[in-house]
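One letter stands for each residue in the lines below.
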Amino acid sequence: THQWRGIIEEYRDRLPVSDTTPVVTLREGGTPLVPAQVLSERTGCEVHLKVEGANPTGSFKDRGMTMAITRAKEEGAQAVICASTGNTSASAAAYAVRAGMVCAVLVPQGKIALGKMGQALVHGAKILQVDGNFDDCLTLARGLSDNYPVALVNSVNPVRIEGQKTASFEIVDMLGDAPDIHVLPVGNAGNITAYWKGYTEYAADGVATRTPRMWGFQASGSAPIVRGEVVKDPSTIATAIRIGNPASWQYALAARDESGGVIDEVTDREILRAYRLLASQEGVFVEPASAASVAGLLKAAEQGKVDPGQRIVCTVTGNGLKDPDWAVAGAPQPVTVPVDAAAAAERLGLA
Ligand code: F0G
């Protein structure tokens, strides 16, 4: 009787739904806000991780997707479409099943993690691999939804942003006020837009006394906002944020400037270092793109840009199981032992 009801029921008064809206939910949201001991020690701050990989399909996309599919159903859509680096497609596919809709997804060929492809497949989505990058996929998806009877559920659909803003509500509800700094990975820039909307709404209504500075981090090979120009051939091992022309670019700049924040870049090496630190020292297994937020915080701390004593929330956006190749790569091979306690003890260094 006390189960979390999903973001639409929990925040109904702050979302564009009515009493008759047919809510499509997998009880997304209500994700853990985990104190990060090692990151707190390293920065001299109080650092928390908002663990969005704990959502039903393993990423923050579920917050936006419950809204997008709910509204598509309300409007009578029978099919939805999205472009995706993987997580949006996994989420759309699952929620479309709940709604009894057909789901079509466009993904950049060879550039999405296996776990995400498996999700879209097992949920029965119609998958087209596009000979191009995410930006090309989004162009194609927009064209199809403009000309055919299929609803677009990318974050250019404003109800996606409405759903995703609830993560900020949860953080303020949990901490009692907004943090000093909120750190996020940035790809298509929908999520930083959504968090900023959530924080500003809560501040405007007096639920929070202030808004945080928004810190966004792109991967160096896919950092159009940092460079101030479209990146034609984006590259990074963090395939989820391999995006050269973010749809919510202007909103991300607004979030940065209105909050007094920054949008900076982190290298793949820095991303992987943060990825391993999160797993091996905080016990939180995320996918590489998610570690961009933590990599950015560590980079800023090393540059002396993080004043001690602040309260900081880093969103880690997706579950590590989505893309396990990076966990296995470079790790020592497990040794094989006979069914023998003495031999096992020896290999474990116990004897
Ligand atoms: N982290 C993960 C794990 C993501 O999947 C994404 C975006 C982001 C961060 C960046 O969020 O685009 O709102 O700035 N993934 C999209 C997708 C593009 O298709 O799944 P953003």
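Residues numbered from 1 in each chain as written. Predicted model: local features only at pLDDT ≥ 70, side-chain atom pairs only at ≥ 80, totals over all residues. Heavy atoms only, no water.

Student: What's the story with the sheet that holds strand β4 (residues 102-108) in this structure? I'm lost.
Tutor: Think of a sheet as strands paired side by side through backbone hydrogen bonds, with each pair either parallel or antiparallel. Across the sheet, 4 strands lie side by side as β5-β4-β3-β6; this open sheet has parallel pairing. With partners counted over all chains shown, the strands left at the sheet margins are β5 (126-130) and β6 (151-152), one partner each. Here β4 runs beside β5; their pairing, made up of 5 bridges, is parallel. Following the sheet pairing, L106 is matched in β5 by L128. Helix α6 (residues 134-147) rests against β3 (79-83), β4, β5 and β6 of the sheet, and its axis sits at about 155° to β3. (Pairing = 2+ DSSP bridges. Helix = DSSP H or I, 4+ residues; strand = E, 2+ residues; numbered from the N terminus. Contact = heavy atoms within 4.5 Å. Axes fitted to C-alpha atoms, helices over the stretch in contact; angles between N-to-C directions.)

Student: Sorry, what's going on with empty space enclosed by the protein here?
Tutor: Using a probe with the size of a water molecule, rolled over the atoms, empty space left in the structure can be pinpointed. The final tally for this structure, using the stated rule, is 1 cavity of 30 Å³ or more. Considered as a void within the structure, the largest cavity measures approximately 320 Å³ in volume. Along its surface, the largest cavity is lined by 26 residues, and F60, K61, G187, N188 and A240 are the ones closest to its centre. Of all the secondary structure elements, the ones that give two or more residues to the lining of the largest cavity are α4 (87-99), α7 (158-164) and α9 (190-204). The dominant element in the lining of the largest cavity, judged by the number of residues it contributes, is α9, at 3 residues. Grouping the amino acids of the lining of the largest cavity by side-chain chemistry returns 11 nonpolar, 12 polar and 3 charged. (1 Å grid on protein atoms, 1.4 Å probe; cavity = no way out; pocket = protein on both sides within 12 Å on 5 of 7 lines; lining within 4 Å. Points joined across faces, edges and corners; volume = space filled by probe spheres on them. Nonpolar A, V, L, I, M, F, W, Y, C, P; charged D, E, K, R; others polar.)

Student: Got a minute to help me understand the nonpolar core in this structure?
Tutor: Soluble globular proteins: nonpolar side chains tend toward being buried together. The biggest cluster of nonpolar side chains holds 53 residues, and the ones touching the most others in it are I69, V80, C103, V153, I192 and I225. Here this core takes 6 residues from α4, the largest share from any one element. The next biggest cluster of nonpolar side chains, apart from the first, holds 36 residues, and it includes A274, A295, V306 and C314. (Core = buried A, V, L, I, M, F, W, Y, C linked by side-chain atoms within 4.5 Å. Buried < 20%, exposed > 50% of the residue type's maximum accessible area, 1.4 Å probe, protein only.)

Student: Quick question: what am I supposed to make of the site of the ligand here?
Tutor: The environment of the ligand is made up of 18 residues, and the closest members are S84, N188, A189, N191 and T317. A distance of 2.8 Å separates an oxygen atom of the ligand from a polar side-chain atom of S84. Between N87 and the ligand, the recorded distance is 2.8 Å, taken from a side-chain N or O atom to an oxygen atom. Notes on the ligand: free accessible area 470 Å², of which the protein chains cover 99%. Mapped onto the shell around the ligand, the elements with two or more residues apiece are α4 and α9. (Near = heavy atom within 4 Å. Polar contact = N/O pair within 3.5 Å; in protein donor to acceptor, adjacent residues only side chain to side chain. Areas by Shrake-Rupley, 256 points an atom, 1.4 Å probe, with all protein chains shown as cover.)

Student: How do you make sense of the layout of surface pockets when you look at a structure like this?
Tutor: Each pocket or cavity is described by its volume, and for the largest pocket that value is around 170 Å³. In this structure, the largest pocket is lined by 14 residues; those nearest its centre are V80, I81, A104, K126 and V150. Elements supplying a minimum of two residues to the lining of the largest pocket: β3, β4 and β5. Looking at the lining of the largest pocket, the element that brings in the most residues is β4, giving 5 residues. For the lining of the largest pocket, the per-class residue count stands at 13 nonpolar, no polar and 1 charged.

Student: Sorry, what's going on with the UniProt feature "modified residue: N6-(pyridoxal phosphate)lysine" (unreviewed entry) in the protein chain here?
Tutor: The sites that UniProt annotates as "modified residue: N6-(pyridoxal phosphate)lysine" (unreviewed entry) are K61. Turning to its location among the elements, K61 is positioned in helix α3 (residues 61-74). On the accessibility criterion, K61 (17% relative accessible area) is buried. What K61 contacts, discounting residues up to four positions off in sequence, is N87, T88, S91 and R160. (UniProt positions renumbered as here; feature names shortened; annotations may be inferred.)

Student: Where do I start with the packing of aromatic side chains in this structure?
Tutor: Each aromatic ring pair is specified by the distance between its two centres and by the angle formed by the two planes. A complete count under the given rule lists 4 aromatic pairs for this structure. Plain terms: the ring middles of Y11 and F169 are 5.3 Å apart, the flat faces sit at 55° to each other, and that makes the pair tilted. Here Y11 is found in the loop between α1 (7-10) and β1 (33-35), whereas its partner F169 is found in helix α8 (residues 166-175), with 158 residues between them in sequence. By the ring-pair criterion, three or more aromatic residues cluster together here, those being W4, Y11, F169 and Y202. (Phe/Tyr/Trp six-rings, centres within 6.5 Å; stacked < 30°, edge-to-face > 60°.)

Student: What exactly am I supposed to notice about α8 here?
Tutor: In an α-helix there are 3.6 residues to a turn, and that puts residues three or four apart on one side. With 8 of 10 residues buried, α8 is to be regarded as a mostly interior element. Regarding α8, the residues found buried are T166, A167, S168, F169, E170, I171, V172 and L175.

Student: What exactly am I supposed to notice about the pattern of salt bridges here?
Tutor: Side chains that differ in charge, positive against negative, can pair when their charged atoms come close. Scanning the entire structure with this criterion turns up 19 salt bridges. One salt bridge in this structure joins K50 and E170, with 2.7 Å as the shortest N-O distance. Linking K50 in strand β2 (residues 46-51) with E170 in helix α8, this pair joins segments that are 120 residues apart in sequence. The partner of R63 in a salt bridge is E52, and the shortest N-O contact between them spans 2.6 Å. One end of the pair, R63, is in helix α3; the other, E52, is in the loop between β2 and α3, with 11 residues separating them in the sequence. The burial state of R63 is the same as that of E52; both residues are buried. (Salt bridge = Lys/Arg side-chain N within 4 Å of Asp/Glu carboxyl O.)

Student: Explain the UniProt feature "domain: Tryptophan synthase beta chain-like PALP" (unreviewed entry) in the protein chain to me, please; I cannot follow it from the model alone.
Tutor: Taking the UniProt record as the reference, the feature "domain: Tryptophan synthase beta chain-like PALP" (unreviewed entry) is found at residues 24-318. Taken end to end, residues 24-318 is 44% helix and 17% strand, and its two terminal C-alpha atoms sit 21 Å from one another.

Student: I tried to follow helix α11 (residues 249-259) on my own but got confused; where do I start?
Tutor: Of all the residues in α11, the buried ones are W249, A252, L253, A255 and S259. Along the axis of α11, the buried residues cluster in a sector spanning 160°; they form a single face. For α11, the exposed residues lying more than 90 degrees away from the buried face are Q250, Y251 and E258. Of the surrounding elements, those touching the buried residues of α11 are α9, β8 (213-219), α10 (224-227) and β9 (262-266). In the stretch just after α11, G260 is the one whose phi turns positive, near 70°. (Arc of directions from axis to C-beta.)

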